[in-house]
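Survey of secondary and tertiary structure
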Amino acid sequence: MTELLTRAEASKYTQTSRHSDVLAFVDELCRRTKLARRVDFGKSGEGQPLVALIVSDRNCFTPELARKQKKVIVLVEANIHAGEVEGKEALLALARDLTLTKLGKKLLDKLCLVLVPNFNPDGNDRISPNNRKLNLKDLEGQVNPEGGVGMRYTGEGWNLNRDSMKQEAPETRALAALHQTWWPHVFIDCHTTDGSIHANDLTFDTSHSNEPLFTELREFNRDMLERVSKAVKKGHDFDSYWYGNYKVEGDPKSGWHTYPALPRFGSHYRGLLGRIDVLLETYSYIDFPRRCAVARAWLLELLRDAAKHATAYRTITAAEEERIVARGKSPDPQALVGINYGVATRDDKGALVFEYPAHAKPGDVAPILAYDEASIAARRYPGKKKKTYRIPHHRTFIPTQAVSTPAAYLVPAELAARLEGHGIRFERLSEAKRFTVDSYRVARREETFSPDVAANVPPPGEAEVPLSQKPKPVRFETVLTVAPERTTREFPAGTLYVPTAQRTGTLAVYLLEPHSDDGLCRWQFLDGMIQTGELYPVHRVVEAATAPKKAE
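I will try to describe carefully the structure that is included in this document. (Residues numbered from 1 in each chain as written. Predicted model: local features only at pLDDT ≥ 70, side-chain atom pairs only at ≥ 80, totals over all residues. Heavy atoms only, no water.)

Describing the environment of glutamate 447
Position of glutamate 447 relative to the elements: it lies in strand S19 (residues 433–449). Its relative accessible area of 49% is what places glutamate 447 among the partly exposed residues. Spatially, the C-alpha atom of glutamate 447 lies 30 Å from that of glycine 494, the residues being 47 residues apart in sequence. The residues touching glutamate 447, leaving out its near neighbours within four places in the chain, are Leu352, Phe476, Glu477 and Gln524. At 3.0 Å, the side chain of glutamate 447 forms a polar contact with the side chain of glutamine 524. (Helix = DSSP H or I, 4+ residues; strand = E, 2+ residues; numbered from the N terminus. Buried < 20%, exposed > 50% of the residue type's maximum accessible area, 1.4 Å probe, protein only. Contact = heavy atoms within 4.5 Å. Polar contact = N/O pair within 3.5 Å; in protein donor to acceptor, adjacent residues only side chain to side chain.)

In C-alpha cells form, the structure reads like this:
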C-alpha cells in the first residue's frame, strides 16, 4: 500500500494542500482505519463541504458516546485564515500518525478528537505566491512555500476570526453549530503570526475576557499551557512563549502586549462559554517546514496533556459551567460581567475610534527570547545575537463598562435567529405580560469603522491587499451612549424571554447589552429598532422569573 502523504509532504514543502487534497486525504484515511470517520457539518460561502474528521477508539464517533465513555472532547480548527496553512498540514499528518501508527494507542482511549483541518476552503483555494508575501520592513507576511498560499479572508470577504459574535459567514455559523453539538472541553485554534521580531518558533495564548469571573479556569488553562510549552521544548526543542508584540514597536524593553480581549476573536468567545481554549501562532519568519513541525509538536503535546489529565479537564469545565448557570439562577449585583474594554478616542477628523489596552500587573514579567536591539531596530531576521529581555507583560484587561447578570432579558422576536446561532435558549411569550425591567434610554448614536473584519476579495489568482496598505473600509459598527432607567411595562406576545441560567448565560449578557463592544447592537443588527431619545429594545428582567419549561 502506498504511503499516505499530505500535499506539503509529497511536494517536499514547496506546496500546500488544496481543499480537494484535504478531502481526498480524509477519505483515504477513513478507508484505511476504523479509528477515523468523516463528518460534513456545512458548506462554505462558495458551496464547498466543511469537513470534520472524528478520531477516537471504541467506535466513539458521536458526542453522546464520547460523554458516556468519559472522554475529553478536543476540537481542533486549522486554516481559519487560509494563508496560515501550517495547522492544516500538521493536523492531517498527525491524524494519520495517530491512527495508522502506535502513536495514538494510549491517547485515543482518553480522547475524542474533532479535527477541522480546513475551516476556510474558499480562501484556501485562492492561492497566490504573493499572498502574505514577506515584508520585514512593515513586519508582515511570511516565508512562503514557493507554490504560494491562500488568503486571509473567505471567498465572500469575511475574516472568520473576527466573526464569532456577529456570525455573518456561513462557515462561522456551521462551526458554531458543530461546537454546540460536541461542546468540547478543549478547543485549539491554529494560526500563523508575523509582527515583532523575536526568537520563538511559536507563541500561544488563551482567553482573556472576563478573567475575574473565570479565575479558576483561566489559572488551570495558563498552567496547562506553561506545562505543554516545557514539554515541547524538552521533547522537540522548539522555543515558545505567550503571544504578543512589543508595546512600542522596535523597542524590546517597552513591554510585551497581547491582542484585544474582544470576543469577536474565537479564543475570547469560547472563554465566555467557560471552556478550555488554546491559540497557537507559528512564527511566520521561520521557514515553512519548521512551522509545520512546531505546529505538529504543539498539537501532539496538547493531546498528550489532555489524555494524562483527562479527569481534571472534565472536572474544571463542568464546574465552570455550573458557575455560569448559578449566576443566572441567583443574580449577584456585585459579580460584574465586563462588556466593553475599549477606550474611545477621536482621530484628526473627529471620527470615533477605539483602542483596547492591556495592562501589566505588578510582578508580571515576560522573559522574551529575542535578538540584539540593533537587529530589531533594523528589522533583521534572524538577528545577529540572541538576547532575553525581561519586560512588563501586558495581558490583563480592565473593562470600561461592566454590568451584573440579570435573571433574564426580554428581546424583540427579530433576534430569534441570532440567539439560536449562539445556542442561546429562549421562550416566546404566549400572551402579553407585564415585567419590571431595567431599561436603557439612547442618548447618542455614532458609527465607527471596524478594521480587519471584512474585505473586498480580489479575483482568483490575484493577491489580497496587505494590512499595511490599509484596505478600503468595508464593515462598520454602531456605538451607543445610553442611560439606565427602571420601568414596569407590558411586553407583547411573541417577545423572547431569555434566561441567563444556561451554559451560554455570560455570552448572552455580552451580546445583548447596548454598550457592549462586541454585541448585537454594535454589529448593527438592531439599527432599525433604535431611535435617539427612545428606549433600547432589549430589557433586563429585574426580578427572577420562572425559567422556560420549553426551550427553542
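A few points about the side chain of arginine 162
Along the polypeptide, arginine 162 turns up in the loop between helix H5 (121–124) and helix H6 (170–182). In this structure the side chain of arginine 162 is engaged in a polar contact, spanning 2.9 Å, whose partner is the side chain of aspartate 452. With near-sequence residues (within four places) excluded, arginine 162 lies in contact with His81, Arg152, Arg264, Phe265, Asp452, Val453 and Trp523.

Thoughts on the sheet that holds strand S15 (residues 386–394)
Taking strand neighbours across the sheet as the criterion, the four strands line up as S8-S9-S15-S14 in an open arrangement whose pairing is mixed. In the strand order of this sheet, the two ends are held by strand S8 (245–246) and strand S14 (365–371), each with one partner. Examined bridge by bridge, S8 and strand S9 (residues 256–257) share two bridges and lie antiparallel to one another. Of the residues in S9, the one forming a bridge with asparagine 245 is histidine 257. (Pairing = 2+ DSSP bridges.)

Looking at the pattern of salt bridges
Side chains bearing opposite charge may pair, as long as their charged atoms lie close to each other. Here the structure, examined in full by the defined rule, presents 43 salt bridges. Between arginine 222 and glutamate 211 there is a salt bridge, with the nearest N and O atoms lying 3.0 Å from each other. Of this pair, arginine 222 sits in helix H7 (residues 215–236) while glutamate 211 sits in the loop between strand S6 (202–205) and H7; the two residues are eleven residues apart in sequence, bridging distant segments of the chain. We classify glutamate 211 as buried; its relative accessible area is 14%. Through salt bridges with shared partners, one network takes in Glu84, Arg132, Arg152, Arg162 and Asp452. (Salt bridge = Lys/Arg side-chain N within 4 Å of Asp/Glu carboxyl O.)

Examining helix H2 (residues 19–32)
Counted at 1.5 Å a residue, the expected span for H2 with its 14 residues is 20 Å, and the 20 Å between its end C-alpha atoms agrees. Every buried residue of H2 is listed here: His19, Val22, Leu23, Phe25, Val26 and Leu29. Projected down its long axis, H2 shows its buried positions confined to an angular sector of 160°, all on one face. For H2, the exposed residues lying more than 90 degrees away from the buried face are Ser20 and Arg31. Tucked into the core, H2 has its buried residues touching strand S1 (36–43), strand S2 (49–55), helix H4 (86–100) and H5. (Expected span 1.5 Å × (residues − 1). Arc of directions from axis to C-beta.)

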